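Analysis of the macromolecular model
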Amino acid sequence: MNQHEYYMQKVLDLASKAQGQTSPNPMVGAIILNENGEFVSEGYHLKAGSEHAEIIALKKAGSLARNGILYVNLEPCCHYGRTPPCTSAIKQAGIKKVIIGSLDPNPQINGQGLQTLKEAGLEVVFGFLVEQCLALNKFFFYWVQNKKPWLTLKIAATLNGKIDLGNYGKQITGQSVQKKVHQLRAEHDAILTGSGTILADNPQLNVRFNELNEIVNYKNPIKIILDRRFRCPPESKAFNQEALSLLFTKPENLNENKINFSNTEIIPWDGKLNELLETLAKKNILSVLIEAGSALNSAFLQENLIQEIIYFINPRLAPFNKELPEVYVGNCIQNFKLKSAELIDTDLMLSLTSIK
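Throughout this description, residue numbers start from 1 for each chain and increase along the sequence as written. The predicted origin of the model limits local features to residues at a pLDDT of at least 70 and limits the giving and counting of side-chain atom pairs to 80 or more, whereas totals for whole chains, interfaces and linings rest on all residues. Side-chain calculation: all heavy atoms of the structure are included, whereas hydrogens and water are not.

Working definition: helices are DSSP H or I runs of at least four residues, strands are E runs of at least two. Numbering for both runs from the N terminus. Check the secondary structure of the protein and you find ten helices and 14 strands. Each residue gets one of three labels from its accessible area relative to the maximum for its type: buried under 20%, exposed over 50%, partly exposed in between, using a 1.4 Å probe on protein chains only. Within the span of the protein, comprising 356 residues, buried residues form 51% of the whole. A separation of at least 24 residues holds for 69% of the contacts in the protein among residues at least 6 apart in sequence. Computed with the Shrake-Rupley method and a 1.4 Å probe, the accessible areas treat only the protein chains shown as cover for residues. Surface accessibility of the protein: about 17000 Å² in total, with carbon and sulfur atoms responsible for 47%. The contact definition used throughout considers only heavy atoms, calling two residues in contact when any of these lie within 4.5 Å.

Our focus in this paragraph is the sheet that holds strand S3 (residues 69–74). In this description, strands pair whenever DSSP reports at least two bridges between them. The strand order across the open sheet formed by five strands is S2-S1-S3-S4-S5, and the pairing between neighbours is mixed. Sheet topology places strand S2 (39–44) and strand S5 (123–126) at the edges, where each strand pairs with a single neighbour. Between one strand axis and the next, the sheet turns by 15° as a mean value, whatever way the strands run. In this sheet, strand S4 (residues 97–102) lies alongside S3 in parallel orientation, the contact comprising five bridges. Bridging across to S4, valine 72 finds its partner in isoleucine 100. In this analysis an axis means a line fitted to C-alpha atoms, helices contributing only their contacting stretch, and an angle means the value between N-to-C directions, from 0 to 180 degrees.

The subject of this paragraph is the environment of glutamate 235. When you line up the elements, glutamate 235 lands in the loop between strand S8 (222–226) and strand S9 (245–249). Counting along the chain gives 27 residues from glutamate 235 to serine 262, while the straight-line C-alpha distance between them is 8.4 Å.

As a further point, take the packing of helix H2 (residues 53–61) against helix H3 (residues 86–93). With their axes 9 Å apart at the nearest point, H2 and H3 run at an angle of 20° to one another. In terms of axis orientation, H2 runs roughly parallel to H3. The two elements H2 and H3 cross, and the hand of that crossing is left-handed. For the pair H2 and H3, the contacting residues are Glu54, Ile55 and Leu58 in the first and Cys86, Ala89, Ile90 and Ala93 in the second. Amino acids are sorted into nonpolar (Ala, Val, Leu, Ile, Met, Phe, Trp, Tyr, Cys and Pro), charged (Asp, Glu, Lys and Arg) and polar (every other residue, Gly among them). When grouped by side-chain class, the residues that make up the contact of H2 with H3 number six nonpolar, no polar and one charged. Angles are sorted into four bins: roughly parallel if under 35 degrees, roughly antiparallel if over 145, roughly perpendicular if 65 to 115, and oblique for all others. Each helix crossing is assigned a hand: it is left-handed if the near helix lies turned anticlockwise from the far helix by less than a right angle, otherwise right-handed if that turn is clockwise.

Read from one edge to the other, the open sheet built from nine strands follows the order S10-S9-S8-S7-S11-S6-S12-S14-S13, with strand pairing classed as mixed. Looking along the sheet, the strands with just one partner apiece sit at the ends: strand S10 (264–268) and strand S13 (336–344). In this sheet, adjacent strand axes meet at a mean angle of 20° when their direction is disregarded. Contacting strand S6 (150–158), strand S11 (287–290), strand S12 (308–314) and S13, helix H6 (residues 138–146) crosses the sheet at an angle of about 125° to S6. Strands in contact with helix H9 (residues 273–282) are S6, strand S7 (190–194), S8, S9 and S11; relative to S9, the strand with the most contacts, it is inclined by about 150°.

The working definition used for a salt bridge is a side-chain nitrogen of Lys or Arg within 4 Å of a carboxyl oxygen of Asp or Glu. Following the criterion strictly, the structure yields six salt bridges and no others. Notably, a salt bridge pairs glutamate 308 with lysine 138, separated by 2.9 Å at the nearest N-O pair. With glutamate 308 in strand S12 and lysine 138 in helix H6, this residue pair connects regions lying 170 residues apart in the sequence. Residue class for lysine 138 comes out partly exposed when judged on its relative accessible area of 22%. With a closest N to O distance of 2.8 Å, glutamate 291 and arginine 185 form a salt bridge. Taken as a pair, glutamate 291 in the loop between S11 and helix H10 (294–302) and arginine 185 in helix H7 (residues 175–187) lie far apart in primary sequence, 106 residues in all.

Our next topic: the packing of H3 against helix H4 (residues 112–119). The interhelical angle for the contact between H3 and H4, taken along N-to-C directions, is 25°, at an axis separation of 10 Å. By the angle between their axes, H3 is roughly parallel relative to H4. As H3 runs across H4, the sense of the crossing is right-handed. Contact with H3, carried on its side by Thr87, Ile90 and Lys91, involves Gly113, Thr116 and Leu117 of H4 and no other residues of that element. Partitioned by chemical class, the residues of the contact of H3 with H4 number two nonpolar, three polar and one charged.

Let us look at the side chain of asparagine 297. Structurally, asparagine 297 is set in helix H10. Excluding residues that lie within four positions of it along the chain, asparagine 297 makes contacts with Leu153, Ile155, Ile290 and Ala292.

This part covers H4. Since the α-helix turns once every 3.6 residues, residues separated by three or four places project in the same direction. If you check which residues of H4 are buried, you get Gly113, Leu114 and Leu117. Taken around the axis of H4, the buried residues stretch over an arc of 100°, which confines them to a single face. Buried residues in H4 make contact with H3, S4 and S5. Phi turns positive one or two residues past the end of H4, at glycine 121, with a value near 95°. Arc definition: it is the arc formed by the directions from the helix axis to the C-beta atoms.

A pair of aromatic rings is counted whenever rings of Phe, Tyr or Trp (Trp by its six-membered ring) have centres within 6.5 Å, and the orientation is called stacked for planes under 30 degrees apart, edge-to-face for over 60 and tilted otherwise. This structure, assessed with the given rule, holds nine aromatic pairs. Ring centres 6.0 Å apart and planes at 20° place the aromatic pair phenylalanine 230 and phenylalanine 261 in the stacked group. Here phenylalanine 230, found in the loop between S8 and S9, pairs with phenylalanine 261, found in the loop between S9 and S10; they are 31 residues apart in sequence, far enough to count as distant. Of the two residues examined, phenylalanine 230 and phenylalanine 261, each falls in the buried class.

Put into structure tokens, the structure is as follows:
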């Protein structure tokens, strides 16, 4: 690993400290070396509206940044948003060289930040650990480029494919997997489920285990509930959390006098999944974790809307009862490739990514 790759990895480690916190902004880290190549300062973006990573690192460096080197995993912004452009601050600080991991796909930037720095006489080097940079901000890149949120489908099943144990038990996987699921929730902007899951399980759909310091920094995700028949009772646990709930239902149901939902926005919806995703994207929801039943899972899969599947398999065999629902992916599984396999205690976690 050369110097540029070494510091770019350090930058990525910094940026990832804000996992789940920066949406709809990307995760960005920055490191500054002085003119002798010695470490001076670092910073990372904490949340949308706060100072960008480059600004934090530059402020810490002060005059030591002059003639120095800046490492950043994402192309610096060159436009006014909630904060001034980072390119202006970089030029004013006297930085002589900028090492960038990946370009920003935002149409307001997308190479313009890099060009702005070059035109100001700075040396700009692009393309170190690009795959890692893209992977870190996959939600952001997908949302910008497709105007839809990234969808992660979570499935937990027994060895014989049962996703619900009915009267035979509640949890399919062990506690370590439960902690992993809560980490996934903390990393996504929203959790999506259907009215059937609300009625059957009355889930909270929030992030827990934080009292054990398992998840140090987190925010509870928005809850998206698809309820075309308007069956969910207002007292359901999902509607009584600190995070907002979005309840999608048929337009004609809006005339019903059902106004006792707590912290919930009720949205008319005709059942088309693509239109649902476009609505979510406009609300700056970059990523959605789907925790639903087989029918809803199948609907998203059949329309090729899933980007990633996280599949937990418990080694036990559930009762061979036809009434217990089973996992269903059908021929859709051929649209995915295995990215990784990890043993979590006795449970197996498979990560599959879309090849479409």
